[in-house]
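# Coordinate analysis (summary)
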Amino acid sequence: MQDLTIDELYEEFEDLPDWDERCDYLIDLGFNLPELPADAKTEENRVHGCQSNVWLVADIKSSSPPTVEFLANSDAVIVNGLIAVLAALYSGKTPQEIISIDAQEVFKKLGLERHLSPQRRNGLYSMVQRVRELAVQAEAQS
């Protein structure tokens, strides 16, 4: 989705003194997401369990080993920021790497566990589950 790495995201969050500034940064990240094509905004690509509408698709790159790029959009600006976090965490990785990532630890380190509402947290984990499902499918195809 974009070129931000999770380590760069950690550094940015460490430089921001409070949650309000971190939230603003997440929203800014969301504005920089590439637009998901309208024909990808289908029920099949919708992430269930999110408070907002979220559509997520995977593009399997035929590299050796294959890697997965994710493209997603939401109708909520903060959720687009969370999608940018997921992109930093998962995009460009192999299906096996994706499956092995402990997202909960990453979210704790970023403070998302503590600061997101229960509904947003549930939606975030629904997106993680969808990413993992797509990674399992990608691994099965390779």
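Residues numbered from 1 in each chain as written. Predicted model: local features only at pLDDT ≥ 70, side-chain atom pairs only at ≥ 80, totals over all residues. Heavy atoms only, no water.

### Examining the side chain of Ser126
So the rule is basically this: Only DSSP runs of H or I with at least four residues qualify as helices, and only runs of E with at least two residues qualify as strands; both kinds are numbered from the N terminus onward. Burial classes: relative accessible area under 20% of the type maximum marks a residue as buried, over 50% as exposed, and values in between as partly exposed (1.4 Å probe, protein chains only). Counting of polar contacts relies on pairs of N or O atoms within 3.5 Å, with two restrictions inside protein: one atom must be capable of donating a hydrogen and the other of accepting it, and residues adjacent in sequence are counted only when both atoms are side-chain atoms. Two residues qualify as a contact provided that any one of their heavy atoms is within 4.5 Å of a heavy atom in the partner residue.
By the element assignment, Ser126 lies in helix H7 (residues 118-141). For Ser126, a relative accessible area of 18% translates into the label buried. Of note is the side chain of Ser126, whose polar atom sits 3.3 Å from the backbone oxygen of His48. Those residues in contact with Ser126 that lie beyond four places of it in its chain are Val47, His48, Gly49 and Cys50.

### Section: the nonpolar core
Threshold: Only buried residues count toward a nonpolar core. Its members are Ala, Val, Leu, Ile, Met, Phe, Trp, Tyr and Cys residues joined through side-chain atoms within 4.5 Å.
If you look at the biggest cluster of nonpolar residues, it comprises 44 residues, and the most contacted ones within it are Leu9, Leu26, Tyr90, Phe107, Leu110, Leu112 and Met127. Elements that contribute at least two residues to this core include exactly helix H1 (6-15), helix H2 (19-31), strand S1 (54-61), strand S2 (67-74), helix H3 (77-90), helix H5 (103-110) and H7. Beyond its immediate chain neighbours, meaning those up to four positions away, Phe107 contacts Val85, Leu86, Leu89, Leu112, Glu113, Leu124, Tyr125 and Val128.

### Things to note about the state of the cysteines
A covalent bond between the sulfur atoms of two cysteines is what we call a disulfide. Inclusion rule: Here, two cysteine sulfur atoms that lie within 2.5 Å of each other are counted as a disulfide.
Overall, the coordinates contain zero disulfides when judged by the stated rule. Unpaired in terms of disulfides, Cys23 finds its nearest cysteine sulfur in Cys50, a separation of 16 Å. For Cys50, a relative accessible area of 14% corresponds to the buried category.

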